[in-house]
Amino acid sequence: MTRCIATWLMAENGIKKAKDLLDEGKDSAKALLAIIQDVESDERFVSVGRGGLPNREGKVQLDGAFMDGDDLKFGAVMAIEDIASPIEVAYSLKDRDANNILVAKGAKSYALKKGFKEVDNLTKKAKERYLKKCQEDPLKAYDGHDTIGAIVIDEDGHMVAGTSTSGLFYKDDGRVGDSPLIGSGLYVDSEVGGATATGMGEDIAKGCVSFKIVDLMRNGKSVKEATKIAVLDFIARLKRSDIEARDISVVALAKDGTFAAYSNIPNFTFCIDDEKGAKVYRLELDQNGDQVYIEVDDAFKSDWLSKE
Ligand code: ASP
């Protein structure tokens, strides 16, 4: 049995590619890179990779992380500039004995030494978007984000997880959210399963939400229960400190291939592989607050894609 799942409908094409690779017998890491790099390189998706959302200074600073569920090794880059694929750089860091997380200038100079090409991630469109944002009155910083997070299991039961994002629009220079933080934006253990999050990084990181989901599964909860409990308990915990949780959405995959999503926002979408390639679902909650997954149609997809 193989399986792949990823956040948001932007992952649809990448999931199809990953499914083909898994069907050909390729491993989970190859499949995961295919999902995330498809989104990183597609300039229609403005919150990941090249053409990503610029920060306050008009710079595109990207975050990405990779985790291997067999040996729990990981690599991550944060606030990296001028490199098109943070996930690939993160992946290349995971087998090092130390120095697995690199930030900003150090991350870029490592990537260049490794042979990654220097590119200008501030595309014409990204620059226009930034200039328009600067004129907003009142200026709504952080309005605009969405991370690609994915989890894959291959025929050998080898699980991996990864994330890639430009983070929040108009973030401070050097700001990093949950996405490249192991335990917050992603966590995977092939003995149990994996999880990944998207939303307001400053909230998600307070609860190490991805680790929490995997831990609940380790302790006997189904993937569906684990996603719901982790998010709701955490929202309740924030409330006890008078903090109103902002966007938190998660997807998770158990080692048996069962999957789940949970969110506190409307219209959270995710993709999962199926016999024909990929399916995109929208999450709804029923009257008990339990997850219901509704397959989205082409009209929903084009509406979502037309939003900047
Ligand atoms: N979690 C990301 C961040 O805070 C943004 C997102 O996933 O929407 O940088």
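Preceding block: the structure.
Below or above, wherever it landed, is the structure these notes cover. From a predicted model like this one, the values you see are computed outputs, not experimental measurements. (Residues numbered from 1 in each chain as written. Predicted model: local features only at pLDDT ≥ 70, side-chain atom pairs only at ≥ 80, totals over all residues. Heavy atoms only, no water.)

### Here's the deal with the site of the ligand
Reasoning step 1: Lining the immediate surroundings of the ligand are His145, Asp146, Thr147, Gly167, Leu168, Arg175, Gly177, Asp178, Ser179, Thr198, Gly199 and Gly201.
Reasoning step 2: Contact distances for the ligand include 2.8 Å between an oxygen atom and a backbone N or O atom of Asp146.
Reasoning step 3: At 2.7 Å, a side-chain N or O of Arg175 approaches an oxygen atom of the ligand.
Reasoning step 4: Judged by the fraction of its atoms near the pocket grid, the ligand is located in the largest cavity.
Reasoning step 5: For the shell around the ligand, the residue count by class is one nonpolar, eight polar and three charged. (Near = heavy atom within 4 Å. Polar contact = N/O pair within 3.5 Å; in protein donor to acceptor, adjacent residues only side chain to side chain. 1 Å grid on protein atoms, 1.4 Å probe; cavity = no way out; pocket = protein on both sides within 12 Å on 5 of 7 lines; lining within 4 Å. Sits in = over half its atoms within 2 Å of the grid points. Nonpolar A, V, L, I, M, F, W, Y, C, P; charged D, E, K, R; others polar.)

### Details of the packing of helix α2 (residues 28–41) against helix α3 (residues 86–93)
Reasoning step 1: For the pair α2 and α3, the least separation of the axes is 9 Å and the interaxial angle reads 150 degrees. Classified by the angle their axes make, α2 and α3 are roughly antiparallel. Side by side, α2 and α3 meet where Ala29, Leu32, Leu33, Ile36, Gln37 and Glu40 of the first sit next to Pro86, Ile87, Glu88 and Tyr91 of the second.
Reasoning step 2: Class assignment of the residues belonging to the contact of α2 with α3 gives a composition of seven nonpolar, one polar and two charged. (Axes fitted to C-alpha atoms, helices over the stretch in contact; angles between N-to-C directions. Helix = DSSP H or I, 4+ residues; strand = E, 2+ residues; numbered from the N terminus. Parallel < 35°, antiparallel > 145°, perpendicular 65-115°, else oblique. Contact = heavy atoms within 4.5 Å.)

### Focus on the sheet that holds strand β8 (residues 193–199)
Reasoning step 1: A sheet is described by the order of its strands in space; here four strands give the open sequence β7-β8-β9-β10, paired in antiparallel fashion. Two strands lie at the open edges of the sheet, namely β7 (186–189) and β10 (259–263), each paired on one side alone. On average, adjacent strands in this sheet sit at an angle of 10 degrees to one another, irrespective of strand direction.
Reasoning step 2: Packed on one face of the sheet, helix α7 (residues 209–218) meets β7, β8 and β9 (248–254) and runs near 150 degrees to β8. (Pairing = 2+ DSSP bridges.)

### Quick look at the pairing of β10
Reasoning step 1: With four of five residues buried, β10 lies mostly within the body of the structure.
Reasoning step 2: As paired strands, β9 and β10 are joined by five bridges and run antiparallel to one another. Residue pairing across strands places Val251 opposite Ala261, the latter belonging to β10.
Reasoning step 3: Between β9 and β10, which follow one another and run antiparallel, lie four residues, and Gly257 among them has a positive phi close to 95 degrees. (Buried < 20%, exposed > 50% of the residue type's maximum accessible area, 1.4 Å probe, protein only.)

### Things to note about α7
Reasoning step 1: Taken together, the buried positions of α7 are Val209, Ser210, Ile213, Val214, Leu216 and Met217. The buried residues of α7 all sit within an arc of 160 degrees when viewed along its axis, so they share a single face.
Reasoning step 2: Elements that come into contact with the buried residues of α7 comprise β7, β8, α6 (201–207), α8 (223–240) and β9.
Reasoning step 3: With its phi angle positive at about 105 degrees, Gly220 sits one or two positions after the end of α7. (Arc of directions from axis to C-beta.)

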